[in-house]
Amino acid sequence: MNQQILQTIKKCRIGIFIGGAIGLFSGNITGLMLGAVVGFFINRWLYNLLLGEGSPQALFFKATFLVMGKVAKADGRVTEQEIQFARDVMIRMRLDEEKRRQAMAFFAEGKEADYDLGKVLRPLSMLIQRRSAVKIMFLEIQLQTAMSDGEVSPNELKVIQQVCTFLKMSQQEMNELLTRLQAQQSFHGSSAMPNSQSTIDDAYKVIGVAVDVSDAVLKKAYRRLMSQHHPDKLVAKGLPQEMMQLAKEKTQEIQAAYDVLKNSRKNKK
């Protein structure tokens, strides 16, 4: 039995259990087996009806570029920087020609003024409601789209807030993530020396802790971020395989910030 079949059975286990229980109650072992089979097919039908995307990875991929298009068009026009960011994401994902065409089509669809975010975010929310790390990864990509032209406008924030509402993420979570991403952008693009105060300040914001925390608290926050962005863990929770490279880049940026802070603290001792 291959992995895909096992995942399908696991996904439909509630239907199998309920169908089997009804079958056993109304008959014998044959009824149990027949009920389980019927429950499996009903569960799978309902799942496909609600999600309708073939796989969690396909839905995440589609939602990513649809929402990117919506965020980019929030101000009325899509800037060259936003288009380039979308292209860069496709390049970093190493998409083949067919996948790239799909991503561009989704991006263009999301730009339509009457496109309803709920069409893709409702099923996505159902799928990843208990997968906080995958939610964070999704929101990071959308915030980076908004940041790609140099600022996050009120209209872009309005779209991002809609995304958070669908994904059941709080305003505080969004603000903290935006602060960290802005620091990450500054840290990554800084030409200052690694031991400069501005670089160190940005590094603390990347890790998401105050300057005066203990070494133990700093290490704990660093490990939590690394775990959240661990590529294999994210893929196992529904992140498309193509986005593994984006997750790897995140862990490298977090590692770089932590290394700056470790060296800074060591030099002060």
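Residues numbered from 1 in each chain as written. Predicted model: local features only at pLDDT ≥ 70, side-chain atom pairs only at ≥ 80, totals over all residues. Heavy atoms only, no water.

1. Some details on the overall build of the protein
For the protein, the count of helices and strands is 14 helices and zero strands. Helices and strands in the protein line up, N terminus first, as α-α-α-α-α-α-α-α-α-α-α-α-α-α. When the 269 residues of the protein are sorted by exposure, 44% land in the buried category. For the protein, the share of sequence-separated contacts (at least 6 apart) that also reach a separation of at least 24 residues comes to 72%. (Helix = DSSP H or I, 4+ residues; strand = E, 2+ residues; numbered from the N terminus. Buried < 20%, exposed > 50% of the residue type's maximum accessible area, 1.4 Å probe, protein only. Contact = heavy atoms within 4.5 Å.)

2. As for a positive patch on the surface
Taken together, the side chains of Lys219, Arg223, Lys262 and Lys266 define a basic patch exposed on the protein surface. Broken down by secondary-structure element, the contributors of at least two residues to the positive patch are helix H12 (215-228) and helix H14 (244-268). Inspection of the secondary structure puts Arg223 in helix H12. Judged by relative accessible area, which is 51%, Arg223 ranks as exposed. (Patch = residues over 30% accessible without salt bridge, like charges linked within 9 Å, V, L, I, M, F, W, Y side chains within 5 Å. Areas by Shrake-Rupley, 256 points an atom, 1.4 Å probe, with all protein chains shown as cover. Salt bridge = Lys/Arg side-chain N within 4 Å of Asp/Glu carboxyl O. Lys, Arg positive; Asp, Glu negative; His and termini not counted. Charge placed at Lys NZ, Arg CZ, Asp CG, Glu CD.)

3. Details of the packing of helix H4 (residues 56-72) against helix H8 (residues 132-147)
It is at 9 Å that the axes of H4 and H8 come closest, and there the two elements cross at 30°. What the angle tells us is that H4 and H8 run roughly parallel. In terms of crossing hand, the pair formed by H4 and H8 is right-handed. Taking contact as the criterion, the partners of Phe60, Ala63, Thr64, Val67, Met68, Val71 and Ala72 in H4 are, on H8, Val134, Phe138, Ile141, Gln142, Thr145 and Ala146. Its residues assigned to classes, the contact of H4 with H8 shows ten nonpolar, three polar and no charged. (Axes fitted to C-alpha atoms, helices over the stretch in contact; angles between N-to-C directions. Parallel < 35°, antiparallel > 145°, perpendicular 65-115°, else oblique. Left-handed = near helix turned anticlockwise from the far one by under 90°. Nonpolar A, V, L, I, M, F, W, Y, C, P; charged D, E, K, R; others polar.)

4. Some points on the packing of aromatic side chains
Taken as a whole and judged by the stated rule, the model has four aromatic pairs. Of the aromatic side chains, those joined through ring pairs into one cluster are Phe61, Phe65 and Phe106. Positioned above the aromatic ring of Phe61, the side-chain terminus of Lys99 is 4.5 Å from the ring centre. (Phe/Tyr/Trp six-rings, centres within 6.5 Å; stacked < 30°, edge-to-face > 60°. Lys NZ or Arg CZ within 6 Å of the ring centre and 35° of its normal.)

5. Let's talk about the environment of Glu140
You can see Glu140 is positioned in helix H8. Residue classification places Glu140 among the buried residues on the basis of a relative accessible area of 2%. Spatially, the C-alpha atoms of Glu140 and Leu181 are 7.6 Å apart, while their sequence positions differ by 41 residues. Not counting chain neighbours up to four residues away, the residues in contact with Glu140 comprise Leu177, Arg180, Leu181, His229 and Lys250.

6. Some points on the environment of Leu177
For Leu177, the position within the fold is in helix H10 (residues 171-189). Relative accessible area serves as the criterion here: at 4%, Leu177 is assigned to the buried category. Once the C-alpha coordinates of Leu177 and Val206 are considered, the two residues, 29 residues apart in sequence, prove to be 9.3 Å apart. Contact partners of Leu177, with chain neighbours within four places excluded, come to Ile136, Leu139, Glu140 and Leu143.

7. Structural notes on the nonpolar core
Counting residues in hydrophobic clusters, the biggest one holds 54 residues, and the most contacted among them are Phe65, Leu124, Phe138 and Leu139. Apart from the residues within four sequence positions on either side, Phe138 is in contact with Phe60, Ala63, Thr64, Val67, Leu121, Leu124, Val163 and Leu167. In terms of nonpolar packing, the next biggest core, distinct from the first, is built from 18 residues, Ile200, Tyr204, Val206 and Tyr258 among them. (Core = buried A, V, L, I, M, F, W, Y, C linked by side-chain atoms within 4.5 Å.)

8. A closer look at the side chain of Thr251
Structurally, the position occupied by Thr251 is in helix H14. Judged by its relative accessible area of 13%, Thr251 falls in the buried class. In contact with Thr251, not counting residues within four places along its chain, are Met226, His229, His230 and Pro231.

9. With respect to the confidence of the model for the protein
Summing up the model confidence of the protein, the mean pLDDT is 80 and the portion of residues at 70 or higher is 77%. Throughout residues 1-9 the model reports pLDDT below 50, and contacts reaching past four residues in sequence, or to other chains, amount to six contacts. Confidence drops under pLDDT 50 across residues 19-24; counting only partners more than four residues distant or on other chains, this segment forms twelve contacts. (pLDDT = per-residue confidence, 0-100.)

10. A few points about unusual backbone geometry
For Arg94, which is not glycine, the phi dihedral falls at a positive 55°. Its place among the elements puts Arg94 in the loop between helix H5 (80-92) and helix H6 (97-111). Its identity as a non-glycine residue notwithstanding, Lys168 has a phi of 60°, on the positive side. Relative to the helices and strands, Lys168 is located in the loop between helix H9 (154-167) and H10.

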